[in-house]
Amino acid sequence: MSENRQILIASIPSGPLSQSDFEVRTAPVPAYGDGEVLCRTLALTIGAGQRAGLQGSASYAGAPRAGVVMGGTGVAVVEESNAPEIRAGDLVVGPTGWQEFSVHPATALRRVEPGPDPALHLGVLGANGLTAYFGLLEVGKPRPGETVVVSAAAGSVGHIVGQIAKKQGCRVVGVAGSAEKCGLLVDELGFDAAVNYKDADFRAAFKAATPDRIDVYFDNTGGDILESALFRMNLRGRIVCCGVVSQYDTAHPAPGPRGVPGLLVNNRIRMEGFLVFDYLERYDEARRELLGWIERGELKPRTTEFQGLESASQAFVELLGGGTVGTTIVRL
Ligand SMILES: NC(=O)c1ccc[n+]([C@@H]2O[C@H](COP(=O)([O-])OP(=O)(O)OC[C@H]3O[C@@H](n4cnc5c(N)ncnc54)[C@H](OP(=O)(O)O)[C@@H]3O)[C@@H](O)[C@H]2O)c1
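Described below are features of the structure shown in this document. Note that this is a predicted model, so its numbers are computed, not measured.

Looking at the packing of helix 2 (residues 127–140) against helix 8 (residues 283–295)
Now for step 1: One can describe the packing of helix 2 onto helix 8 by two numbers: an axis separation of 10 Å at closest approach and a directional angle of 100 degrees. Comparing their axes, helix 8 and helix 2 come out roughly perpendicular. Residue-level contacts link Gly129, Leu130, Tyr133 and Phe134 of helix 2 to Tyr283, Glu285, Ala286, Arg287, Glu289, Leu290 and Trp293 of helix 8.
Now for step 2: Taken together, the residues of the contact of helix 2 with helix 8 break down into 7 nonpolar, 1 polar and 3 charged.

Listed below in structure tokens is the structure:
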């Protein structure tokens, strides 16, 4: 335990993200002080929002900087502890970043139970599962019988949104970027329909999949899909603005869609953004409910796995290009 392999941001991407925007470095294992804990990362999660962080468009992430360890959430085992509330051997979740070893104040870490797979704490029980839960239930407020549409539907947030919406008794339509993903949503995850936004006849297929129009649109993408949804919204529909992945991987994000604000006015549509942190005080309650659904087989979380720290940059590029399903996990 003398060396710490890390992945640094080599350069802030000016166009689509490339693996060359990252570099591997070896540094000494960090020292820890009073109240601090030395962690060894077991697995990392990579989310689309991290690209917004590198773009400088995520308010909570601050200005992006090159030459520092790439940030991110990991699940880790505690190697040594100088904090009374955490012991060596504990399993914790925290802001490990893309590196093998990291030091944190105990207050920055959350102890978790060692279950069959520690990576569960990064996906459906991590920020993306909570985002799906609160965004859909608290912002979208779906009612039984309503039509819920979700974009990036086969992704980490999206595939949980759709399954929770089904549990609420809604008709659920996913929008995703391949026939395989659309098949998975309908055949394995219980969506009522799924539409491939890359198909030439997307608009017609989208209309056919939403015969009663849309009551709740959970928007992970912005861009053309948001515009298509806007024109299909019902009176008093709700648009949950979760993220804008169609505009992250570029230096020139497109302007907002047509229809705003005219369609919002005419159809009394509520369009509301949220950040998962808004619900921090209710995380435990949501995790209990999500875990219960998983244990009863009512919620099926999916992951795409990569092996080895060095694969993190490849995982990130593949995620943005649509090459992953569910939550992207890198195991060290
Ligand atoms: N508000 C919050 O607090 C909060 C918290 C976490 C995440 N988020 C947001 O949630 C969204 C989903 O994040 P995630 O981590 O779950 O990512 P993800 O959905 O697992 O991955 C992103 C997916 O977006 C799709 N995509 C990429 N480019 C696209 C484009 N131009 N048009 C349409 N789809 C495109 C790709 O799938 P396809 O194959 O379908 O193209 C890709 O796999 C992001 O916008 C993220 O910023 C928000």
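Things to note about the sheet that holds strand 8 (residues 147–151)
Now for step 1: Judged by pairing direction, the sheet is parallel, and its 6 strands sit side by side in the order 10-9-8-11-12-13 without closing on themselves. Two strands in the sheet have a free side with no partner beyond their single neighbour: strand 10 (193–196) and strand 13 (270–273). Along the sheet, successive strands turn relative to each other by an average axial angle of 15 degrees, direction set aside.
Now for step 2: Both strand 12 (residues 233–241) and strand 13 contribute to a ladder of 4 bridges, which runs parallel. What sits directly across from Val240, in strand 13, is Glu272.
Now for step 3: Across the sheet, helix 6 (residues 223–230) touches strand 8, strand 9 (171–176), strand 11 (214–219), strand 12 and strand 13, and the angle it forms with strand 11 is around 170 degrees.

With respect to the layout of surface pockets
Now for step 1: Empty space within the second largest pocket amounts to approximately 280 Å³.
Now for step 2: Surrounding the second largest pocket, 14 residues form its lining, Val112, Glu113, His121, Leu125 and Leu291 being those nearest its centre.
Now for step 3: Elements that contribute at least two residues to the lining of the second largest pocket include exactly strand 7 (110–112) and helix 8.
Now for step 4: Residues that form the lining of the second largest pocket fall into these classes: 5 nonpolar, 2 polar and 7 charged.

Remarks on a nonpolar patch on the surface
Now for step 1: The grouping of Tyr60, Leu275 and Phe277 at the surface amounts to a nonpolar patch, some 300 Å² of accessible area in total.
Now for step 2: With respect to the secondary-structure elements, Phe277 resides in the loop between strand 13 and helix 8.

Things to note about the packing of aromatic side chains
Now for step 1: The final tally for this structure, using the stated rule, is 10 aromatic pairs.
Now for step 2: Both rings, one in Tyr133 and one in Phe134, keep their centres 5.0 Å apart while their planes meet at 80 degrees; by these two values the pair is edge-to-face. Here Tyr133 and Phe134 have matching classes, each one buried.
Now for step 3: Cluster of aromatic residues (ring-pair linked, three or more members): Tyr133, Phe134, Tyr279, Tyr283 and Trp293.

What counts and how
- Residues numbered from 1 in each chain as written.
- Predicted model: local features only at pLDDT ≥ 70, side-chain atom pairs only at ≥ 80, totals over all residues.
- Heavy atoms only, no water.
- Axes fitted to C-alpha atoms, helices over the stretch in contact; angles between N-to-C directions.
- Helix = DSSP H or I, 4+ residues; strand = E, 2+ residues; numbered from the N terminus.
- Parallel < 35°, antiparallel > 145°, perpendicular 65-115°, else oblique.
- Contact = heavy atoms within 4.5 Å.
- Nonpolar A, V, L, I, M, F, W, Y, C, P; charged D, E, K, R; others polar.
- Pairing = 2+ DSSP bridges.
- 1 Å grid on protein atoms, 1.4 Å probe; cavity = no way out; pocket = protein on both sides within 12 Å on 5 of 7 lines; lining within 4 Å.
- Points joined across faces, edges and corners; volume = space filled by probe spheres on them.
- Patch = residues over 30% accessible without salt bridge, like charges linked within 9 Å, V, L, I, M, F, W, Y side chains within 5 Å.
- Areas by Shrake-Rupley, 256 points an atom, 1.4 Å probe, with all protein chains shown as cover.
- Salt bridge = Lys/Arg side-chain N within 4 Å of Asp/Glu carboxyl O.
- Phe/Tyr/Trp six-rings, centres within 6.5 Å; stacked < 30°, edge-to-face > 60°.
- Buried < 20%, exposed > 50% of the residue type's maximum accessible area, 1.4 Å probe, protein only.

What is shown is where atoms sit, not what they do.
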